[in-house]
Amino acid sequence: MVGLTLDQLKILLTGHSIYWLFIILMMTGFYIVVSRGNLIKKIIGLNLFQTSVFLFYISIGKVSGGTAPILPMKLKVDDFSVYSNPLPHVLILTAIVVGVATTALGLSLIIRIKEAYNSIEEHDLLEEDRSQFSNENNEDRKFGGFF
Amino acid sequence: MLVISAVGVVWVRHLFAAAMFSGIFSFLSALLFVMLDAVDVAFTEAAVGAGVSTVLVLGTIVLTKRLEQERKVKENLRPLILVILTGMILIYGSLDMPEFGSSNTPAQSHLGLTYLESTPEQIGIPNVVTAVLASYRGFDTLGEVAVVFTAGVGVLVLLGGFMRNRRRKDQGEL
Amino acid sequence: MNQHLVLRVVTKLMVGFIILFALYVQFHGDYSPGGGFQAGVIFAAAFILYGLVFGLESVQAVLPPWVTHKMMALGVLIYTLVGIYSFFLGFNFLDYGALTPSHPEHGQHYGILLVELGVGITVAGVVISIYYAFVSRSSTSKDEEW
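Residues numbered from 1 in each chain as written. Chains lettered and ligands numbered in written order. Predicted model: local features only at pLDDT ≥ 70, side-chain atom pairs only at ≥ 80, totals over all residues.

Regarding its fold elements, chain A presents five helices and zero strands. In chain A, the order of α-helices and β-strands from amino to carboxyl end is α-α-α-α-α. The buried share among the 147 residues of chain A stands at 41%. When contacts within chain A are restricted to residue pairs at least 6 apart in sequence, those whose partners lie at least 24 apart make up 46%. (Helix = DSSP H or I, 4+ residues; strand = E, 2+ residues; numbered from the N terminus. Buried ≥ 20, exposed ≤ 12 C-beta atoms within 10 Å, placed from the backbone. Contact = placed C-beta atoms within 7 Å.)

Written out as C-alpha cells, the structure reads:
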C-alpha cells in the first residue's frame, strides 16, 4: 500500500515495533493537544490521539495468520482456521461513533467560544478572562464565568 | 505514511490543510485496520473519521477562522520534552507486552475465544462482531447509542438547531 | 456550488446508490461487515453530500430538521422497547430469545435486526442534525481569508 513490499511489512510487524509506531502517533497527537493554542487544532490533535489508541487496541487482538472474525456461511468452524479476537473490534467500533459525536460537541463549544470571546486562541481567552476579573463591574458580558 | 500525515498536522498553520491531513490520516488508519483483520472497524473509520469529522471540522473553520496564530519556538520546548518523556515511559511499558500477533496471550484466551466458539450455536449468524455487539453486549451498545443521542442533543442545544432559536438570533436578541 | 455541472450530475447519480448501499449494510450486517453504526453514518453521508452540492434548503426540503430530531429519539426508543418487550415475557432485559420463544436462534436473529435498526436510525439522525446545526449558522469570517 505505501511502497513497502510484503516481506518488509512482515519484518515491520514482528515483535513490538508496531506498538512503538502507535505510541509515536499517540505522542504526536498529545503534542498537538498540549502545545498548540488554537482550539480547532487541539480537537484535531485529540482525534489523532484517539485514532492511534484505537489502532493500538485493535493490534492487541490480532492473531498472526488469522483472518477477520466472520464465520463461513455454514457456521461450521473447522479447527484449523484462526480468527482474530472480535472483542476489541466491537469496543472500538462503538468508540469511533461515540468519538465523532463528542468531537462534534467540542466543535460546537468552540463556535460558542468564538462568539463570546471573538477568538479561538487559548492565549487570547486567558487574557480576556484576566482583564475581566480585574474590573468586576463590567456586567454586560454574558459568558464571563465560562472558564 | 501515517507518521508523515500526523506530523503534517503539527506543521501546517493553515487549519484547512490540517483538516485535510487528518482526513488522510483517517483513511490510512482504515487501511491499517483492514490489515489487522478488523474490517468492521475499518469500515466505520473510513466513513466517520475521513468523511463526517472532516466535514464537521471544515464547518467549524468556516464559522470561526482559518489561520492559527504563530507561536514562538521557545514555547514549544516544554511540551516537547513532556511528550518525549511520556513516550519513553510508554515504550518502556510496551516491552512487557506479549509479542505482536501471538495467539496465547491473556487478551486472546478467555472472552474472545468464548464468543467465537459459542456464536454459531447460540446466535446463529456468521459475523461474530455483530453478534457480540448487538446480543452479548447489547446492554453496552444501548449505552453507546444513548451517548450518541445525548451528544446530538448537546450540539443542538449549543448551536440552536431548532428553528425558534434561529429566528430569535435574526432579531438580534442572542 | 451551482456552477459545477459535473459535480451536480454525479451527485444526483450517486446519492441514490449511497442510500441503497447504506440499507444493504444495515440489513446484511449479520453476514458481512457492517451494522447499524456504519449504515447510519453512510446514510447521513448521502444527505450531507447532497447538502454540500445543492445547498441547505434543497436538502432540508427532502428531510426537514424536525424529522431528524425525531429520528434521534426514535432509534433509542426502538432499542429500549425491544429490551422491555423481552422483560415482560419473563426473559432478561434484551434477551432476544423472547421474540420467538419456540426457537431462540431465530429470536436472536430478529432481535439483532431490530436493535441494529434502532442504532442506525439514531446515528443517522444525530449526524444529519449535527450537520444541519453547523451549516445553518451564518459564517463570521470573510472569504478573502482563505
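Assigned secondary structure in chain B consists of nine helices and zero strands. Counting from the amino terminus, chain B carries its helices and strands in the arrangement α-α-α-α-α-α-α-α-α. The burial tally for chain B puts 43% of its 174 residues in the buried class. The contacts of chain B with a sequence gap of at least 6 include a subset with a gap of at least 24, amounting to 34%.

Residue and element names in this part refer to chain B. One way to put it is that helix α2 (residues 15–35) packs onto helix α3 (residues 39–63) with a least axis distance of 8 Å and a crossing angle of 175°. If you check the angle between α2 and α3, you find them roughly antiparallel. Only V39, V41, A42, E45, A46, G49, A50, T54, V57, L58 and I61 of α3 make contact with α2, whose side of the interface consists of L15, F16, A19, G23, S26, F27, S29, A30, F33 and V34. Residue composition of the contact of α2 with α3, by class: 15 nonpolar, five polar and one charged. (Axes fitted to C-alpha atoms, helices over the stretch in contact; angles between N-to-C directions. Parallel < 35°, antiparallel > 145°, perpendicular 65-115°, else oblique. Nonpolar A, V, L, I, M, F, W, Y, C, P; charged D, E, K, R; others polar.)

Taken residue by residue, the interface counts 50 residues in chain C and 39 residues in chain B. Residue assignment for the side of chain C that touches chain B shows that the elements contributing at least two residues are α2 (36–54), α4 (65–88) and α5 (104–135) of chain C. Top contributing element to the side of chain C that touches chain B by residue count: α5 of chain C, with 20 residues. Along the lines of polarity and charge, the residues of the side of chain C that touches chain B split into 27 nonpolar, 18 polar and five charged.

Here we take up helix α8 (residues 138–159) of chain B. All names here are of chain B. Here α8 spans 32 Å end to end across 22 residues, near enough to the 32 Å set by a 1.5 Å rise per residue. All of the buried residues in α8 are G138, T141, L142, E144, V145, V148, F149, A151, G152, V155, L156 and L159. Just downstream of α8 lies G160, where phi reads positive at about 65°. (Expected span 1.5 Å × (residues − 1).)

What follows concerns the interface of chain A and chain B. Contact residues are listed per partner, giving 73 residues for chain A and 80 residues for chain B. Every element with two or more residues in the side of chain A that touches chain B is listed here: α2 (17–35), α3 (39–60) and α4 (86–117) of chain A. Here the side of chain A that touches chain B takes 23 residues from α4 of chain A, the largest share from any one element. Residues belonging to the side of chain A that touches chain B are distributed by class as follows: 47 nonpolar, 21 polar and five charged.

For the rest of this paragraph, the subject is the confidence of the model for chain A. Residues and elements named next belong to chain A. Across chain A, the average pLDDT comes to 74, with 73% of residues at or above 70. Of all the helices and strands in chain A, helix α1 (residues 6–13) carries the lowest mean pLDDT, 55, while α3 carries the highest, 86. Contacts from residues 137–147, a stretch scored under 50 in pLDDT, to residues over four places away or in other chains number seven contacts. (pLDDT = per-residue confidence, 0-100.)

A few words on the nonpolar core. With 116 residues, the main nonpolar core has V41, A44 and V127 of chain C as its most contacted residues. Tallying contributions element by element places α5 of chain C first for this core, with 16 residues. (Core = buried A, V, L, I, M, F, W, Y, C linked by C-beta atoms within 7 Å.)

Residues and elements named next belong to chain C. For helix α1 (residues 5–27), which comprises 23 residues, the first-to-last C-alpha distance of 34 Å matches the rise-based estimate of 33 Å (1.5 Å per residue) to within 8%. Where α1 bends most, the angle comes to about 25°, and this point is M14. When α1 is considered as a whole, its buried residues turn out to be A22, V25 and Q26. (Bend = angle between axes of the 7 residues up to and from the residue.)

Right, let's talk about the confidence of the model for chain B for a bit. Residue and element names in this part refer to chain B. Model confidence for chain B is summarised by a mean pLDDT of 75, while 71% of its residues fall at 70 or above. Looking at the elements of chain B, mean pLDDT is at its lowest for helix α9 (residues 163–170), recorded as 50, and at its highest for α8, recorded as 85. Reported for the predicted complex are a pTM of 0.78 and an ipTM of 0.80.

On to the packing of α3 of chain A against α2 of chain B, then. Between α3 of chain A and α2 of chain B, whose axes approach to 11 Å, the crossing angle comes to 5°. Our classification of the angle between α3 of chain A and α2 of chain B gives roughly parallel. Two secondary-structure elements touch here, α3 of chain A through I40, K41, I44, N47, L48, T51, L55 and I58 of chain A and α2 of chain B through L15, A18, A19, S22, F25, S26, S29, L32 and F33 of chain B. Each residue belonging to the contact of α3 of chain A with α2 of chain B can be placed in one class, and the counts come to 11 nonpolar, five polar and one charged.

On to the environment of V135 of chain C. Inspection of the secondary structure assignment puts V135 of chain C in helix α5. Judged by C-beta crowding, with 20 C-beta atoms within 10 Å, V135 of chain C ranks as buried. With 84 residues separating them in the primary sequence, V135 of chain C and G51 of chain C have C-alpha atoms 9.3 Å apart. Apart from the residues lying within four places of it in its own chain, the contact partners of V135 of chain C are G59 of chain B together with G51 and L56 of chain C.

So, about the environment of T60 of chain B. Its place among the elements puts T60 of chain B in helix α3. Looking at T60 of chain B, the number of C-beta atoms within 10 Å reads 26, which means it is buried. For the pair formed by T60 of chain B and S135 of chain B, sequence separation is 75 residues and the distance between their alpha carbons is 37 Å. Discounting chain neighbours no more than four positions away, the residues touching T60 of chain B are I40, L107, I110 and I111 of chain A.

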